Number of protein chains: 2
Amino acid sequence: MTKSYSPEVGTRYFEDYPLGAAFEFGPVSVTEAEIVAFARQFDPQPIHTDPEAAAAGPFGGLIASGWHTAGLMMRLLASNFLSPAASIASPGVDELRWRAPVRPGDQLRIRVRITEATPSRSKPDRGMIRSAIEVINQHDTVVMSLSAMNLMRCRPGC
Amino acid sequence: MTKSYSPEVGTRYFEDYPLGAAFEFGPVSVTEAEIVAFARQFDPQPIHTDPEAAAAGPFGGLIASGWHTAGLMMRLLASNFLSPAASIASPGVDELRWRAPVRPGDQLRIRVRITEATPSRSKPDRGMIRSAIEVINQHDTVVMSLSAMNLMRCRPGC
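Only a predicted model underlies this, so the values are computations on that prediction, with no experimental measurement involved.

**Q** Would you explain the overall build of chain A in this entry?
**A** If you tally the helices and strands in chain A, you get 4 helices and 6 strands. Over its C-alpha atoms, taken along the principal directions, chain A stretches across nearly 60 × 30 × 25 Å. Scored against the burial criterion, the 158 residues of chain A give a buried share of 50%. When contacts within chain A are restricted to residue pairs at least 6 apart in sequence, those whose partners lie at least 24 apart make up 70%. Of the roughly 7,100 Å² that chain A leaves accessible, carbon and sulfur atoms contribute 51%. Positive and negative side-chain charges in chain A, numbering 16 and 16 respectively, have mean positions lying 8 Å apart.

**Q** Can you walk me through the environment of Ser90 of chain B in this structure?
**A** In this structure, Ser90 of chain B sits in the loop between strand E2 (87–89) and strand E3 (92–98). Among the residues examined, Ser90 of chain B registers a relative accessible area of 23% and is labelled partly exposed. Residue contacts for Ser90 of chain B: discarding those within four places in its chain leaves Trp98 of chain A together with Met149 and Asn150 of chain B. Within the structure, the side chain of Ser90 of chain B is placed 3.2 Å from the backbone nitrogen of Gly92 of chain B, a separation counted as a polar contact.

**Q** I tried to follow the interface of chain B and chain A on my own but got confused; where do I start?
**A** Many structure descriptions define interface size as the accessible area lost when the parts assemble. Facing 36 residues of chain B, the contacting portion of chain A comprises 36 residues. Both sides together, the interface formed by chain B and chain A hides about 2,800 Å², and carbon and sulfur atoms give 64% of it. Between Asp94 of chain B and Arg97 of chain A there is a salt bridge, with its nearest N and O atoms 3.0 Å apart. Only helix H1 (32–42), helix H4 (66–80), E2, E3 and strand E6 (142–153) of chain B provide two or more residues apiece to the side of chain B that touches chain A. Here the side of chain B that touches chain A gets 10 residues from one element, more than from any other, and that element is H4 of chain B. Looking at the side of chain B that touches chain A residue by residue, the class counts come to 22 nonpolar, 8 polar and 6 charged. Inspection of the sheet shows strand E3 (residues 92–98) of chain A paired to E3 of chain B by 4 bridges, in the antiparallel sense.

**Q** Help me out: how do you make sense of the relation of the copies chain B and chain A in this one?
**A** The relation between the two chain copies is a rotation about an axis coupled with a shift along that axis. The transformation that overlays chain B on chain A combines an axial shift of 0.0 Å with a rotation of 180°, and the residual RMSD is 0.0 Å. On the angle and the small slide along the axis, the relation comes out as a two-fold axis. For chain B, the residue whose C-alpha comes nearest the rotation axis is Asp94 of chain B, separated from it by 2.5 Å. The share of interface residues of chain B whose copies in chain A are also at the interface is 100%, consistent with both copies meeting through the same surface.

**Q** How do you make sense of the packing of aromatic side chains when you look at a structure like this?
**A** Across all of its chains, the model carries 15 aromatic pairs over all chains by this definition. Arranged with centres 6.2 Å apart and planes meeting at 10°, the rings of Phe23 of chain B and Phe25 of chain B form a pair that is stacked. When sorted by exposure, Phe23 of chain B lands in the same class as Phe25 of chain B, which is buried. Ring geometry for Trp67 of chain B versus Trp98 of chain B: centroids 5.1 Å apart, planes at 75°, classification edge-to-face. Here Trp98 of chain B lies in strand E3 and Trp67 of chain B lies in helix H4, a separation of 31 residues in the sequence. Each member of the pair, Trp67 of chain B together with Trp98 of chain B, is buried. Aromatic rings pair up to connect Tyr17, Phe23, Phe25 and Phe81 of chain A into one cluster.

Rules and cut-offs
Residues numbered from 1 in each chain as written. Chains lettered and ligands numbered in written order. Predicted model: local features only at pLDDT ≥ 70, side-chain atom pairs only at ≥ 80, totals over all residues. Heavy atoms only, no water. Helix = DSSP H or I, 4+ residues; strand = E, 2+ residues; numbered from the N terminus. Buried < 20%, exposed > 50% of the residue type's maximum accessible area, 1.4 Å probe, protein only. Contact = heavy atoms within 4.5 Å. Areas by Shrake-Rupley, 256 points an atom, 1.4 Å probe, with all protein chains shown as cover. Lys, Arg positive; Asp, Glu negative; His and termini not counted. Charge placed at Lys NZ, Arg CZ, Asp CG, Glu CD. Polar contact = N/O pair within 3.5 Å; in protein donor to acceptor, adjacent residues only side chain to side chain. Buried area = accessible area lost by both parts, 1.4 Å probe. Salt bridge = Lys/Arg side-chain N within 4 Å of Asp/Glu carboxyl O. Nonpolar A, V, L, I, M, F, W, Y, C, P; charged D, E, K, R; others polar. Pairing = 2+ DSSP bridges. Least-squares fit on C-alpha atoms with pLDDT ≥ 70 in both. Phe/Tyr/Trp six-rings, centres within 6.5 Å; stacked < 30°, edge-to-face > 60°.

Here is the structure:
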């Protein structure tokens with residue numbers, strides 16, 4: 001089930017990320033120029049930087065760096081999901097998979113489902129959430145998936 | 001053990017990524033302006049975009065988005081480790097951990113150790129390598145670690 005957030009992102013704390021909650025955010029689009037610019041800086045492989053070479057490659061055209069897709073996912077998370085008041089840090093992510101190519105003009109959205117929400121044993125002012133995240137394109141194909149951790153502050157006074 | 005690559009990156013194939021081989025590449029530096037620019041585009045949280053707000057935050061100053069650190073790692077991999085002739089795709093990464101903050105002025109290098117090198121059963125022209133990668137700063141602190149997969153072509157005619 002997808003639902004809107006309550007309360008507003010800016011006033012959200014650990015308690016507002018309950019186990020089982022599910023959300024959807026986006027879309028965000030990506031252009032050929034953005035794919036090439038990202039890859040020149042961070043992933044300079046012809047399949048991401050050279051449309052002609054990429055056309056002859058295994059995906060039949062230019063595709064986004066997987067790390068670019070991860071960045072677009074992060075933008076949707078940061079803008080819609082992670083409260084600045086609550087978010088302390090992310091210890092990391094697991095099982096990050098690039099399942100299908102991301103191509104110029106694609107429109108990506110994310111589905112987020114909270115799979116763990118564990119209060120800290122040692123520090124009562126915080127808790128850890130784990131989320132199953134899917135990045136989905138305009139054809140409803142899952143292009144990337146992962147499990148992400150976020151350390152969150154509890155509501156002040158709790 | 002760290003050693004230099006042989007043969008040259010452009011002529012490297014699956015057979016040239018043997019189990020147990022270890023490499024080190026870098027450094028690459030990161031500035032405050034780059035940290036802020038990346039984060040405004042992909043991870044707009046105050047700890048990555050606002051030096052004053054970040055100074056009052058949990059890390060006592062501005063830190064790079066973890067996805068920015070991943071991008072810098074990828075740049076070192078793409079420029080030094082992955083042969084364009086061999087590299088088909090990456091299915092994904094596991095156990096990505098952000099272990100310590102990356103701050104403006106940091107100099108990052110990567111250590112790469114090949115932990116699996118498995119010829120494909122169904123397609124004799126390719127194989128999968130898995131690498132344990134650490135991103136290390138100028139103080140020899142591991143700031144990020146992960147296990148990455150790369151699908152590689154075998155040498156033509158093998």
